[in-house]
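Here is how the chains run, residue by residue.
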Amino acid sequence: ETGVTQSPTHLIKTRGQQVTLRCSSQSGHNTVSWYQQALGQGPQFIFQYYREEENGRGNFPPRFSGLQFPNYSSELNVNALELDDSALYLCASSGASGEYNEQFFGPGTRLTVL
Amino acid sequence: SQQGEEDPQALSIQEGENATMNCSYKTSINNLQWYRQNSGRGLVHLILIRSNEREKHSGRLRVTLDTSKKSSSLLITASRAADTASYFCATAGGFKTIFGAGTRLFVKA
């Protein structure tokens, strides 16, 4: 078990709604990355936050947004949910933004959009 | 889009046998990482190999990297039923980590 926690564990929403997912980083980590993992696929990078600023973004539309707080916890917000947004959402924290820093993943939030 | 492509997509072996998974990628990398995921839960980092390294060991794991062929392999020796999981390779460039689609390993007791 890593020290990264995510909430909620499962969530069911309907198309068009908005959702907020939460992540608490491992103690001492200032970088959080979010990933979307569709069934049977590998995780897809959404974005990364470093010291409360977005540090980079993958190929996701603007309706995917995020926040990082002074305690380095983080939120992923998705507006105007679509059926294809159904997936496992993973956050990962690391001690710094550099690529050689090991990422510690949380257990994920399973989002179902009906 | 996914950078890495794992091969095979699925692998079923007997306990005690070795399991080999391969990964190919498309662009230049600074490092390549292997992760394990149990039953659609969080990923666990297994090993990182840098672009200037050719082989790395960690316990029963052996990873090789061939940057000229843009490929890597993960060998798990003396597999156990508890090794049953999905294994992903991931490449890192800057802030971004790109995962492949994974190999699903099933180890029969």
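Residues numbered from 1 in each chain as written. Chains lettered and ligands numbered in written order. Predicted model: local features only at pLDDT ≥ 70, side-chain atom pairs only at ≥ 80, totals over all residues. Heavy atoms only, no water.

*Asks:* Quick question: what am I supposed to make of the overall build of chain A here?
*Replies:* Across its full length, chain A holds 0 helices and 11 strands. What you see for chain A is a C-alpha radius of gyration of 13 Å, in line with the 13 Å of a compact globule of 114 residues. Each principal axis of the C-alpha atoms in chain A carries an extent, and together these give about 35 × 30 × 25 Å. Every one of the 114 residues in chain A was classed for burial, and the buried ones make up 49%. In chain A, once contacts between residues fewer than 6 apart in sequence are set aside, the share between residues at least 24 apart is 54%. For chain A, the accessible area works out to roughly 5,200 Å², and carbon and sulfur atoms hold 48% of it. (Helix = DSSP H or I, 4+ residues; strand = E, 2+ residues; numbered from the N terminus. Rg over C-alpha atoms; globule rule 2.2 N^0.38 Å. Buried < 20%, exposed > 50% of the residue type's maximum accessible area, 1.4 Å probe, protein only. Contact = heavy atoms within 4.5 Å. Areas by Shrake-Rupley, 256 points an atom, 1.4 Å probe, with all protein chains shown as cover.)

*Asks:* Would you take a moment to explain the environment of Arg104 of chain B for this structure?
*Replies:* Residue position: Arg104 of chain B is located in strand 11 (residues 103–108). Relative accessible area serves as the criterion here: at 30%, Arg104 of chain B is assigned to the partly exposed category. Along the backbone, Arg104 of chain B and Ser86 of chain B are 18 residues apart, and their C-alpha atoms lie at a distance of 4.3 Å. Sequence-distant contacts of Arg104 of chain B, that is, excluding residues within four places in its chain, are made with Gly40 and Gln41 of chain A together with Gln9, Ala10, Leu11, Ala85 and Ser86 of chain B. At a separation of 3.2 Å, a polar atom in the side chain of Arg104 of chain B contacts the main-chain carbonyl oxygen of Ala101 of chain B. (Polar contact = N/O pair within 3.5 Å; in protein donor to acceptor, adjacent residues only side chain to side chain.)

*Asks:* Explain the pattern of salt bridges to me, please; I cannot follow it from the model alone.
*Replies:* Any two side chains of opposite charge can pair, so long as their charged atoms come close to each other. All names here are of chain B. Throughout the structure, instances matching the rule amount to 8 salt bridges over all chains. For the salt bridge of Glu53 with Lys56, the shortest nitrogen-to-oxygen distance reads 4.0 Å. Of the charged contacts in the structure, one is a salt bridge between Glu55 and Arg62, with a shortest N-O distance of 3.2 Å. (Salt bridge = Lys/Arg side-chain N within 4 Å of Asp/Glu carboxyl O.)

*Asks:* Even after reading the chapter, I still don't get the side chain of Gln6 of chain A, so can you show me in this structure?
*Replies:* Residues and elements named next belong to chain A. Of note, Gln6 is situated in strand 1 (residues 5–7). A distance of 3.0 Å separates a polar side-chain atom of Gln6 from the backbone oxygen of Tyr89. A distance of 2.9 Å separates the side chain of Gln6 from the backbone nitrogen of Gly108, its partner in a polar contact. Those residues in contact with Gln6 that lie beyond four places of it in its chain are Arg22, Cys23, Trp34, Tyr89, Leu90, Cys91, Gly106, Pro107, Gly108 and Thr109.

*Asks:* It is not clear to me how the packing of aromatic side chains should be interpreted in this structure. Could you clarify?
*Replies:* Between two aromatic rings, the relevant description is the distance of the centres plus the angle of the planes. A complete count under the given rule lists 8 aromatic pairs over all chains for this structure. Taking the centre distance of 5.5 Å and the plane angle of 90° together, the rings of Tyr35 of chain A and Phe99 of chain B count as edge-to-face. Separated into two different chains, Tyr35 of chain A in strand 4 (residues 31–37) and Phe99 of chain B in strand 10 (residues 96–99) make up a pair that spans both. The exposure class of Tyr35 of chain A is buried, given its relative accessible area of 0%. The class for Phe99 of chain B is buried, based on a relative accessible area of 1%. (Phe/Tyr/Trp six-rings, centres within 6.5 Å; stacked < 30°, edge-to-face > 60°.)

*Asks:* Is there a simple way to think about the state of the cysteines in this case?
*Replies:* A covalent bond bridging the sulfur atoms of two cysteines is what the word disulfide describes. Applying the stated rule across the entire model yields 2 disulfides over all chains. Disulfide pairing is shown between Cys23 of chain A and Cys91 of chain A; the S-S distance is 1.9 Å. Disulfide Cys23 of chain A-Cys91 of chain A: the torsion about the S-S bond is 70°, which places it as right-handed. Residue Cys23 of chain A is found in strand 3 (residues 19–24), and its partner Cys91 of chain A is found in strand 9 (residues 87–94); the two are separated by 68 residues along the sequence. Of the two residues examined, Cys23 of chain A and Cys91 of chain A, each falls in the buried class. Here Cys23 of chain B is linked by a disulfide to Cys89 of chain B, with a sulfur-sulfur distance of 2.0 Å. (Disulfide = S-S within 2.5 Å.)

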